[in-house]
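Chain by chain, the residues run as shown.
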Amino acid sequence: MHYYRKHKIEMILKVLRTMLLFAAVATFLLWWGGFRIVVGWKSWFLFLLCTTLLMIACCFLVCDIVVVYRHSGKRIRRIVLVGSSADMLELYNELKDDPFHGFRIYGYFDDNGENLLPPECKRLGKSSGVVEYLINHREIKECYCCLPSVRREEIVSVARYCENHFIHFYSVPEVRDYLRHKTYFNMVGNVPYLSL
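Parameters and conventions
Residues numbered from 1 in each chain as written. Predicted model: local features only at pLDDT ≥ 70, side-chain atom pairs only at ≥ 80, totals over all residues. Heavy atoms only, no water. Core = buried A, V, L, I, M, F, W, Y, C linked by side-chain atoms within 4.5 Å. Buried < 20%, exposed > 50% of the residue type's maximum accessible area, 1.4 Å probe, protein only. Helix = DSSP H or I, 4+ residues; strand = E, 2+ residues; numbered from the N terminus. Pairing = 2+ DSSP bridges. Salt bridge = Lys/Arg side-chain N within 4 Å of Asp/Glu carboxyl O. Expected span 1.5 Å × (residues − 1). Arc of directions from axis to C-beta. Disulfide = S-S within 2.5 Å. Phe/Tyr/Trp six-rings, centres within 6.5 Å; stacked < 30°, edge-to-face > 60°.

A. Up close: the nonpolar core. Counting 16 residues, the largest nonpolar core has V80, V82, F109, L134 and C143 as its most contacted members. Among the secondary structure elements, those contributing two or more residues to this core are β1 (77-82), α4 (130-136), β4 (142-145) and α5 (152-164). Per-element accounting of this core gives the leading share, 4 residues, to α5. Counting residues in each nonpolar core, the second largest holds 13 residues, with L81, M88, L91 and Y92 among its members.

Pasting the structure below:
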C-alpha cells in the first residue's frame, strides 16, 4: 500500500495548496473591497479551516470508494509487460502497489533467461509472441514495452498492432543502469527527452 499512502499525501498537499490560494485571494479581495465580514475574521479563518478538513475527508472517501470498486473487479485495467529489465521491475512494483487505478498484470514477455520479475508475475512467452497473445486475449487494454531500441522492428510491430486495435501502448525507456536520480519526461517540439 506504499503507493496508496503516497497518493493520499499528494491529495492532502494539493488540497492545502488550493485552499491556501483561495484563502489568500478571498481574504485580500474582502479586505481590499472594504467588505465587512459580519461573523468576524476569527470565524472566517475557522470556516477556511473546516472547509479544508472537509475537502480532505471527501477526497479520502472518494479514494476509498474507488479502491473498493476496483477490488470488486469493475473497470480493471488489464495489462501485459514486454521485457524484464530493472526498469520493468520498478514499473511492475509501482503498478502492483497502486490499488486506486485498478491494474491487473497478466504477465510478461521476454527472451532473456534472467528474469528480474517476481515469480507471481507469469512469463507469457518470448517477445516475438506479443501480437499473437494480444489477438487471442482481447481483454488486454494496455501494453508496457521495455525492449532496447536495437529491437526496433519488434517494438514497431507491437506498437502498430496496439494502435490499430485500441490498446494503449507505452514505451518504457531503459535508464536505470545509468540514471539513478528521479527523471522527468519533456518535449521540445516533437523531440522527447529525459531530464534529471
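B. Spotlight on the pairing of strand β6 (residues 184-188). Pairing of β6 with strand β7 (residues 191-195) involves 5 bridges; the strand directions are antiparallel. Bridge assignment links Y184 to a residue of β7, and that residue is S195. In this antiparallel pair of consecutive strands, β6 and β7, the connection spans 2 residues, and G189 shows a positive phi of 65 degrees.

C. Molecular detail of the pattern of salt bridges. By the definition in use, this model includes 3 salt bridges. Close ionic contact of E142 with R77 constitutes a salt bridge, the shortest N to O distance being 2.7 Å. Taken together, the residues E142 in strand β4 and R77 in strand β1 connect sequence positions 65 residues apart. On the accessibility criterion, R77 (25% relative accessible area) is partly exposed. Here the residues in one salt-bridge network are D111, R151 and E154, joined through shared partners.

D. Molecular detail of α5. Taking 1.5 Å per residue, 13 residues should reach 18 Å; α5 reaches 18 Å between its end C-alpha atoms and fits that length. Within the span of α5, buried status applies to I155, V158, Y161 and C162. Projected onto a plane normal to the axis of α5, the buried residues spread over an arc of 135 degrees and lie on a single side. Exposed side of α5, more than 90 degrees from the buried face: R152, E153, R160, E163 and N164 are the residues found there.

E. Representation of unusual backbone geometry in the model. With a phi angle near 55 degrees, F166 is a residue other than glycine that sits in the positive phi range. Within the secondary structure, F166 is located in the loop between α5 and β5 (168-171). The exposure class of F166 is exposed, given its relative accessible area of 72%.

F. Seen up close, the state of the cysteines. With the rule as written, the count across this model stands at 0 disulfides. Of all cysteine sulfurs, the one in C58 lies closest to C59, which takes part in no disulfide; the gap is 7.1 Å. Residue classification places C59 among the partly exposed positions, given a relative accessible area of 26%. This cysteine, C146, is not joined by any disulfide, and C145 carries the nearest cysteine sulfur, 7.4 Å off.

G. Region of interest: the packing of aromatic side chains. All chains considered together, the criterion is met by 3 aromatic pairs. Each ring, one from W44 and one from F47, has its centre 5.8 Å from the other, and the planes form 25 degrees; the classification is stacked. Separated by 3 residues within a single helix, W44 and F47 lie in helix α2 (residues 41-71), roughly one turn from each other. Judged by relative accessible area, which is 44%, F47 ranks as partly exposed. Centroid distance Y144 to Y170: 4.6 Å. Interplanar angle 20 degrees. Geometry classified as stacked. In this pair, Y144 sits in strand β4 while Y170 sits in strand β5, placing the two residues 26 residues apart along the sequence. For Y170, a relative accessible area of 30% translates into the label partly exposed.

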